[in-house]
Amino acid sequence: MVWTGTWVAERLGVELIGDEKLPDLLGLALRRNPKRAHLLVSNVLGKHVPQRPSVVHGHGYALGLRVRDLLGPAEAARSVVLGYAETATGLGHSVADGLGFARYLHSTRRPVEGAATAGGFEESHSHATSHLLLPEDPELLSAPGPLVLVDDEFSTGNTVLNTIRDLHERYPRERYVVVALVDMRSAADLGRLEAFGREIGARIDLVAGATGTVRLPDGVLAKGQALVTAHEPAAATGSAFASVSVPQQPRGPRTGSVPAPVRVDLGWPAGVPDGGRHGFTPAHAVALNDALPAMTERLTEALGGARRVLVLGFEELMYAPLRLALALERAGTDVRYSTTTRSPVLAVDDPGYAIRTRLVFPAHDEPADGPGERYAYNVAGGGFDAVVAVVDTVADTPELHAPDGLLAQLAAHIPHVVLAVVPSYVPRVSEAPEAPEAPERSSMLPEPLRGPAFSSYAPEEVGWLLQDLSDVELEAPTEEREEAIQSGGAHYAESLPVEYQPSERYQELYTSALDASAARIARAVGTVTETVLAERGPRPVLVSLARAGTPVGVLMRRWAQHRHGVDLPHYAVSIVRGRGIDANALRWLAEHHDPADVVFVDGWTGKGAITRELADAIKEFGKEFGKGDGKEDGKEDGSGGFVPEIAVLADPGSCVRTYGTREDFLIPSACLNSTVSGLISRTVLRADLVGPHDFHGAKFYRELAGADVSTAFLDAVAARFDEVADGVDTEVKELLAADRTPTWEGWAAVERISEEYGIHDVNLVKPGVGETTRVLLRRVPWKILAKRGAGADLAHVRLLAEQRGVPVEEVDELPYSCVGLIHPRFTRGATGADGKAVVSQ
């Protein structure tokens, strides 16, 4: 395999020194530039060299993961990523994906009328230097947290220094991270970043995919310019660089007719920006992910069975075409990806040279610096039988369709041309403040955590309004926790139980339970979802109570998507008995959605303690964040606009109006802990870890991935949606016409049991299959009350009770299938009913 830098290296004496992988990442080319003749051509950037989209996105995503590891989850969630136009706009966006859908902005050379400029800087070695920063949200760059700056190549450090210098004067912060595919600084430049950081009082880190340097002989600039002059056919055409499929042929008049391109309507999601020119949020990322399957189908149809496809982006428009190309690749298409560029580079048809062919065409987006030539490299002669040209609406001009325009140039070399136009995002116009102002408290809240960085759920399935405490040791032995909780020395939410790992026999029971109840669960999911849609409007915002409610929220979202084609937003928040719901999460929701659209979701009700906790917490929220009495929102209950009700899968305690069933049956997700809930722990609220302006915390148990059945559980239930659809429709009609007023009979039963068994504390009585299972997995159980005649729904309960030496007492007249009783006076010396110490197995 010939290195694509050989041609330049042999003629100019240029040497690439560094990591062994550098030759695979970089080639060399020449350009007419008064500052630097040689050009490092990336093989994985997707700019000059067509590459598989999975390789392009994968390199940026991997760098993002490294930045996340460097910063830690909490700081990563607060970070903003800034990419450089035009070359690194897609790379920067991919880094933001790897960070966990971080907020993203890229610089631009396209002024936008009415958009306020938040900064600008110069790129010292480029032929086109001025960069503008045009965020729609004026607080994006002033928000606290690290700023991650992403470029394809770190050569001298001047561009990054110019950027940080400009931004630090306007929006000072404590930490910056510089990211590049390759770090090619010379020895003289290596210490400049660290020294500059000391000068401004900020930490500056560097993350690079590979490191090395370029050794340049004396006089290389003049030699390089002479070499360009000798090989470019410009003199005969009057053009700086010729339009060629074989580089030695100059651009000449076109002959013959060129078929018009096939225009495809992508169905781009409304409100989603075409890129990061004005900012791109995690919510935008989720909406784009949701829309990609349908857009991929439209593209596939327009390609008509093409064998080898190129998706060609347009200058700064790199990320949108990259994601489209990646979706095509994942759907089985043999696809490559690259983009057009403003950068003039010499083409030489030699296997040891990085730019083999070039197409030249007029600019077609009415650039601010006037008309000029634009280029597409290594497209002609690439063996493509179809190309998808992706542009935005600003660039869909007569120049694009002209006889010498981009589409005609592509059609001369590729038989099938498809045009996909992405709507150019128009930012909301607002007056820019004369000086940056400190953000209000609400804007300091981070964006939701999403998988795969946090949880094993797909990122579009749920956004966690939590902070990641995965690196904190929070687990304590069950007996120690119980003693601390009952003695008043600690709250149950201040620590975590050690995760129960099921035995083989217990795992078999879980699998059998899922097989037997999947259709029953699917029917309950459908019933509660259709009820919500009927009573709360066509696009409710699902907010599950982490973590038991989260699998139910995901299933409700899947039902709405499957039956109605509606993608409902879904978030998970923390609620803690005795402490209330996470008020910061409510503030975030109120800032991003209409509170009246929010529907709180849980798995099941027991005695209704969380139902009451939610109602009280919502009322307190309305008081705190109103103007004093909590009624300024027009709600007499001072709710801040939130509806203080819960929708649940099962409501055996008759505590809520919106439910899938009131039967107390086994919901298999109650049988396990994190391994059926996206590998997320129960939520944590502890003063030394969760400040007044923080989300509650939780852990992501990545180490349990081998035992994770979260997605398998969802898929097993969703597979039964179609077969239960008719039954759901009938049941929902009956429910909507029925009196569903809660009777609270479960609470009455719990009070009776608490007194009859001498417990005198309703918090130690846990009714229902789900709550009983939790007692056996997390607490120190005393005894289990089982409804006489209850069958398979209690098989796992009986097994857990057997393993822990807990008696099961058969009783009559129980409104639940079973009730778990926690030992009422527990110390580590306390005894169970058999006189022996209760020991966790």
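Source: prediction; values computed, not measured. (Residues numbered from 1 in each chain as written. Predicted model: local features only at pLDDT ≥ 70, side-chain atom pairs only at ≥ 80, totals over all residues. Heavy atoms only, no water.)

**Examining the overall build of the chain**
Helix and strand counts for the chain stand at 22 helices and 33 strands. When the 841 residues of the chain are sorted by exposure, 59% land in the buried category. Considering only residue pairs separated by 6 or more positions, the chain has 76% of its internal contacts joining residues 24 or more positions apart. Of the roughly 32,200 Å² of accessible surface on the chain, a fraction of 50% belongs to carbon and sulfur atoms. (Helix = DSSP H or I, 4+ residues; strand = E, 2+ residues; numbered from the N terminus. Buried < 20%, exposed > 50% of the residue type's maximum accessible area, 1.4 Å probe, protein only. Contact = heavy atoms within 4.5 Å. Areas by Shrake-Rupley, 256 points an atom, 1.4 Å probe, with all protein chains shown as cover.)

**Description of the nonpolar core**
Counting 130 residues, the largest nonpolar core has L30, V179, Y353, V388 and L410 as its most contacted members. Element by element, the count of residues in this core is highest for helix α9 (residues 282–303), at eight residues. The contacts of L30, once residues within four sequence positions are left out, are W7, V8, L12, A37, H38, G224, L227, V228, V345, L346 and Y353. With 82 residues, the next largest nonpolar core counts L555, F665, L776 and I784 among its residues. (Core = buried A, V, L, I, M, F, W, Y, C linked by side-chain atoms within 4.5 Å.)

**Overview of the sheet that holds strand β5 (residues 103–106)**
The six strands are arranged β1-β10-β9-β8-β4-β5 in an open sheet whose pairing can be described as mixed. This sheet does not close on itself; its edge strands, each paired only once, are β1 (15–18) and β5. Shown here is a sheet whose adjacent strand axes are inclined to one another by a mean of 25°, direction ignored. Pairing analysis gives eight bridges linking strand β9 (residues 175–183) to strand β10 (residues 203–215), with the strands arranged parallel. Residue pairing in the sheet places V182 in a bridge with A210 of β10. On top of the sheet, helix α5 (residues 89–100) reaches β4 (80–83), β5, β8 (147–154) and β9; it is set at about 135° to β8, its chief contact. (Pairing = 2+ DSSP bridges. Axes fitted to C-alpha atoms, helices over the stretch in contact; angles between N-to-C directions.)

**As for the side chain of R103**
Tracing the chain through its elements places R103 in strand β5. This buried residue, R103, is left without a salt bridge; E447 holds the nearest opposite charge, at 5.3 Å. Here R78 takes part through its backbone oxygen, which lies 2.8 Å from a polar atom of the side chain of R103. When neighbours within four sequence positions are excluded, R103 is seen to be in contact with A77, R78, S79, V80, V81, L140, A143, P144, F280, P282 and E447. (Lys, Arg positive; Asp, Glu negative; His and termini not counted. Salt bridge = Lys/Arg side-chain N within 4 Å of Asp/Glu carboxyl O. Polar contact = N/O pair within 3.5 Å; in protein donor to acceptor, adjacent residues only side chain to side chain.)

**A short note on α5**
Under the 1.5 Å per step criterion, the end-to-end length of α5 is 17 Å for twelve residues, consistent within 8% with the ideal 16 Å. Every buried residue of α5 is listed here: T89, G90, L91, G92, H93, S94, V95, A96, D97, G98, L99 and G100. (Expected span 1.5 Å × (residues − 1).)

**So, the sheet that holds strand β13 (residues 334–340)**
With parallel pairing, the five strands of this open sheet are ordered in space as β11-β17-β16-β12-β13. Sheet topology places β11 (262–264) and β13 at the edges, where each strand pairs with a single neighbour. Adjacent strand axes in the sheet meet at a mean angle of 25° when their direction is disregarded. Judged from the four bridges that link them, strand β12 (residues 308–314) and strand β16 (residues 386–392) form a sheet pairing that is parallel. Across the sheet, the residue bridging to L310 is V387, located in β16. Against the sheet, α9 contacts β11, β12, β16 and β17 (417–422), and its axis sits at roughly 170° relative to β11. Where helix α10 (residues 319–330) meets the sheet, its contacts fall on β12, β13 and β16, and the angle it forms with β13 comes to roughly 170°.

**A closer look at the environment of E20**
Summarising the element assignment, E20 is placed in the loop between β1 and α2 (22–25). Distance in space between the C-alpha atoms of E20 and A210 is 9.0 Å, their sequence separation being 190 residues.

**Brief notes about the packing of helix α3 (residues 53–71) against α10**
Relative to each other, α3 and α10 sit at 120°, their axes nearing to 8 Å. On the basis of their axis angle, the class for α3 and α10 is oblique. The way α3 lies across α10 gives a crossing that is left-handed. Contacts between α3 and α10 involve P53, S54, V56 and H57 on the former and, on the latter, Y319, L322, R323, A325, L326 and E329. Partitioned by chemical class, the residues of the contact of α3 with α10 number six nonpolar, two polar and two charged. (Parallel < 35°, antiparallel > 145°, perpendicular 65-115°, else oblique. Left-handed = near helix turned anticlockwise from the far one by under 90°. Nonpolar A, V, L, I, M, F, W, Y, C, P; charged D, E, K, R; others polar.)

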